[in-house]
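Architecture and fold: a report
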Amino acid sequence: MRTSLSRSPFIFPALMIGLLLVTPVFAQETETEVAPEATPVHPGEILVSGEIPLLLPAFHDDELAGVVFSDLFEEMPVRAGSALPAKGRGFAGPDGSTDKWRVKSLKDGIITFDRPDDGSAVRYLAFYISTDRWQKISLTVTSAHPVKGALDGASLALSKKEADEENPGRFEGEMKLPIGKHLVVLRTMADPEVEEDWQLGLAITADADADPSSFGLDVSPERHVDIQTVLNAPRMSRVELSPDGDLVAIRLGDYRNGEDHEQWLEIRDTKTGDLAYLWHTGQTPGALAWHPVGRKLTWQTNTGEKATVWQHDLATGETATVLADVEKLGSWAWAPDGGSLIYEITRKPEADSRKVKRVLHPADRQPWWRGRSHLMQIFVPDGLTRRLTAGPVSPGGWEISDDGKKMLFFTGEQDITQRPFSTSELWLMDMETLTVEKVLSDPWIGGATFSPDGKTLCLQGSPSAFDGLGNSLADGVQPNDYGGQLYLYDLASGEAEAVALDFRPDINSVTWSRFDGAIYARTTDTQYNSVYRFKPGKNGWERITTGLEVTSQFTVARNAGIGLARGSSATTPNRLYAVNLESNKARLLLDPGAGEYQDVVFGEVENWVAELPSGMKLDGFVYYPPGFDASKKYPVIVYYYGGTSPITRDFGGRYPKNIWAGQGYVIYVPNPSGATGYGQEYAARHVNDWGILTAPEVIEGTKAFLAAHDFADPTRVGCMGASYGGFLTEYIITQTDIFAAAVSHAGISDISSYWGEGMWGYAYGSRALANSFPWKDRELFVEQSPLFHADKITTPLLLVHGDSDINVPKGESDQLFTALKILGKEVEYVQIVGQDHHILDHKQRIVWNDTILAYLAKYLKGRPAWWDEMYPAPKDFR
């Protein structure tokens, strides 16, 4: 397991050595019967720390001083400091001291230090190794004094060889280096009992048959982004804005040592970004919410199956319990006046003691489906509680009106007789009498919020809601019901108005501002997730400046004209911006990963539209490798959407395109027909398509990209997708041989088996296969399924699948793998054990990422060593 360069798990600052880029020279053997030997490469410069004294502890035994020094040396961190070593970069030393990295020249790879006047001392040395491929490289250190090593923040085993007159001490270590830049740190101790000079000799040796230009040494921390940095660096998971807009509560987390997930909570001033409060000990706060009145933060902690909700008054410093040790607590929210808290209690029926289960309908296959919940209300501070709902259905999407008199909530049940195979009913409860009335019943409505005056509802739904009121398509054209529309519903008249009918973006979430009366919508907007606002009674939508290309969360203050936008951009990790809603201007408030990314160099990202033979203009964008040179030839990865959402310009994520570009690939991202965010007509093409339109668009878009860019090597092009995109990958390679390799993660190979076996197959099909079924649409379910065209596949294919995937069961990869094996095709199949549709385990995400990159390196770069190292031929069976 590799560890990121970017963070140190130790408190003591790590010191590292940087080397100048040196082109290794290899010996040329003239006798063919003798294997050539590689010539060691010596660094010309390194980074070194100052002298760090080792002080003997009190009451030591002078006769055992050498042993004590040795123990102290062993206990020192493998590296010092949280920032990567760089010339002139400072770090903290012992007892409040500070130090800076210095660049020192070496002669024939040798550096000599002055011996300390008395006692002992330690120095750290560091350098960087860059490699353009996976390879093994040996490190040799010669010194009569103790030496320890580290590679990318983890201990590097250095075996000590027998000393002789020429080599008083020789240490050797083997490094297995994937593509990228790696940090080597050495620490050496001046041993008082050793007479020889405090001197080190350094040599780097690659395999004899390695390309001399395949690696280099330098002292610069500048590097391309890697999977460890993306996963380990601090990230925000949630922000909550105080009612007055002055403070923001931020939940953050990181993997400081590359393994253990740490979480903490910060409260910052929204005007300055200054830290006001920090919780970094004990139980990490879970769900967060500000009390509607004053500056009181509420959060949840969990102990086993019990949860407690706390409230901290920032003005008084007092912390009180709102709910204590509640079993099976679900979601909760404050009433607008702050006098009570509405909370959810979950429950599930007992399993049949006979260990059988009668499945009632397709949704009942889901192990959690029979779980139900009800709503409770607790009045504060007295603690009186009452139950609000009961019965065999669960309330969801609940909200209380500003005057506290009414509460909205949804209920739903299965209805397998018609799309979308479930109902959706919206209810209005009188909070004084607890009587309810049905507002509407529409399976295509899924979200509701009150207007500030409580007279109108803002409803989220698909184009099919209200009998197609939000459908802008021609008669007979089935809309894509994953598209998000917005409706204003008058409670008095029962009339609805579609307010986003001609609005191209699809609406994901909304907030109705109590301060300015505008509705703020976070949207899917082609390659972007943008925020727009709409003021009822006025025409048009206004785009809000958030400072981000992809806004993941947008929230507005209840009593102030300020909003907060959390998200990322193509080459910018997650950040938080404060938005002045009056001036429509954004300013950076927090960049939690700034330290980890300060030395990372990104390539350019630009839009590119392909003109297809059909006349269609296919929208897309391109990631270029850092240091891109248009005069060179580059391998290309073509990556496209899964499900029906477009690929957006977000940073990182499950498919981190910056990492791929950092490994020397050009990434072409087309958004073919069916993607939401491009208008209803474009999105509607997804329905019952399954490759009919999308596959030719990806193929022709790729051909157009290759024809327009001389730097793109047409012989080294790979394609990749996940889920529906995995299906598209499998289908595409039954239609063309232009790709040199293909990767399908959790792909669908047989539409009918996915439709029936996947936990949501039939539900997804209610939209993507609208009114189509296996018994009456054989042309779609069979002819568009890659499994039934497996004999046409000639492209090497990697199938990757979580073996616990309940969305797209692993059987979809099983059956295509079996077919291709029988047909003698080039296919690899890697299951990620214990993982579902999304690979979430931290360590397994790294292995999953490396698996894909190692496979592409094998087929698009002709370098199989990484793959062979990860997946060697079995020795104990065949």
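A separate point is helix α12 (residues 811-822). When the terminal C-alpha atoms of α12 are compared, their 16 Å separation across twelve residues agrees well with the 16 Å that a helix rising 1.5 Å per residue should span. Turning to α12, its buried residues number three or more, namely Glu812, Ser813, Leu816, Ala819 and Leu820. Buried residues along α12 cover an arc of 130° about the axis, so they all sit on one side. Residues of α12 that are buried sit in contact with α8 (724-732), α9 (751-757), β52 (797-802) and β53 (827-832). Phi turns positive one or two residues past the end of α12, at glycine 824, with a value near 75°.

So, about the pattern of salt bridges. Considering all chains together, one arrives at 31 salt bridges under this definition. The salt bridge partner of lysine 357 is aspartate 364, with a shortest N-O separation of 3.9 Å. Residue aspartate 777 pairs with lysine 776 through a salt bridge whose shortest N-O separation is 3.3 Å. Accessibility expressed as a relative area gives 48% for lysine 776, which makes it partly exposed.

On average, residues of the protein chain score 92 in pLDDT, and 93% of them reach the 70 mark or higher. Overall, residues 1-32 carries pLDDT values under 50, and its contacts beyond four positions in sequence, including any with other chains, amount to 141 contacts.

Ranked by internal contacts, the top residues of the largest apolar core, which has 105 residues, are Val636, Trp660, Tyr668, Trp690, Phe705 and Leu856. Top contributing element to this core by residue count: helix α13 (residues 842-860), with nine residues. Not counting the four nearest positions on each side in its chain, valine 636 is found in contact with Val666, Tyr668, Phe705, Leu706, Ala712, Asp713, Arg716, Val717, Gly718 and Leu860. Residues Leu125, Ile137, Phe171 and Leu202 belong to the second largest nonpolar core, which totals 31 residues.

With that settled, consider a negative patch on the surface. Residues Glu51, Asp114, Asp117 and Asp118 make up a contiguous surface patch of negative charge. Within the secondary structure, aspartate 118 sits in the loop between β6 (110-113) and β7 (120-131).

For the pair helix α7 (residues 694-708) and α8, interaxial distance at closest approach is 10 Å and the crossing angle is 70°. In terms of orientation, α7 and α8 fall into the roughly perpendicular class. Contacts between α7 and α8 pair Thr694, Ala695, Val698 and Ile699 from the former with Tyr724, Leu728, Tyr731 and Ile732 from the latter. When the residues that make up the contact of α7 with α8 are grouped by side-chain class, the tally is seven nonpolar, one polar and no charged.

Moving on to unusual backbone geometry. In this model, valine 380 is joined to proline 381 through a cis peptide bond whose omega is 10°. For proline 381, the location among the structural elements is in the loop between β26 (372-379) and β27 (384-387). Cis geometry is found at the peptide bond from arginine 419 to proline 420, where omega equals -5°. Counting through the fold element by element, proline 420 comes out in the loop between β29 (406-411) and β30 (425-430). Located in the positive-phi region is aspartate 152, a residue other than glycine, with phi close to 50°. Inspection of the secondary structure assignment puts aspartate 152 in the loop between β9 (147-151) and β10 (154-156). With a relative accessible area of 5%, aspartate 152 lands in the buried category. Of note in the backbone geometry, phenylalanine 466 takes a positive phi value of approximately 50° without being a glycine.

Cut-offs used in this document
- Residues numbered from 1 in each chain as written.
- Predicted model: local features only at pLDDT ≥ 70, side-chain atom pairs only at ≥ 80, totals over all residues.
- Heavy atoms only, no water.
- Helix = DSSP H or I, 4+ residues; strand = E, 2+ residues; numbered from the N terminus.
- Expected span 1.5 Å × (residues − 1).
- Buried < 20%, exposed > 50% of the residue type's maximum accessible area, 1.4 Å probe, protein only.
- Arc of directions from axis to C-beta.
- Contact = heavy atoms within 4.5 Å.
- Salt bridge = Lys/Arg side-chain N within 4 Å of Asp/Glu carboxyl O.
- pLDDT = per-residue confidence, 0-100.
- Core = buried A, V, L, I, M, F, W, Y, C linked by side-chain atoms within 4.5 Å.
- Patch = residues over 30% accessible without salt bridge, like charges linked within 9 Å, V, L, I, M, F, W, Y side chains within 5 Å.
- Areas by Shrake-Rupley, 256 points an atom, 1.4 Å probe, with all protein chains shown as cover.
- Lys, Arg positive; Asp, Glu negative; His and termini not counted.
- Charge placed at Lys NZ, Arg CZ, Asp CG, Glu CD.
- Axes fitted to C-alpha atoms, helices over the stretch in contact; angles between N-to-C directions.
- Parallel < 35°, antiparallel > 145°, perpendicular 65-115°, else oblique.
- Nonpolar A, V, L, I, M, F, W, Y, C, P; charged D, E, K, R; others polar.

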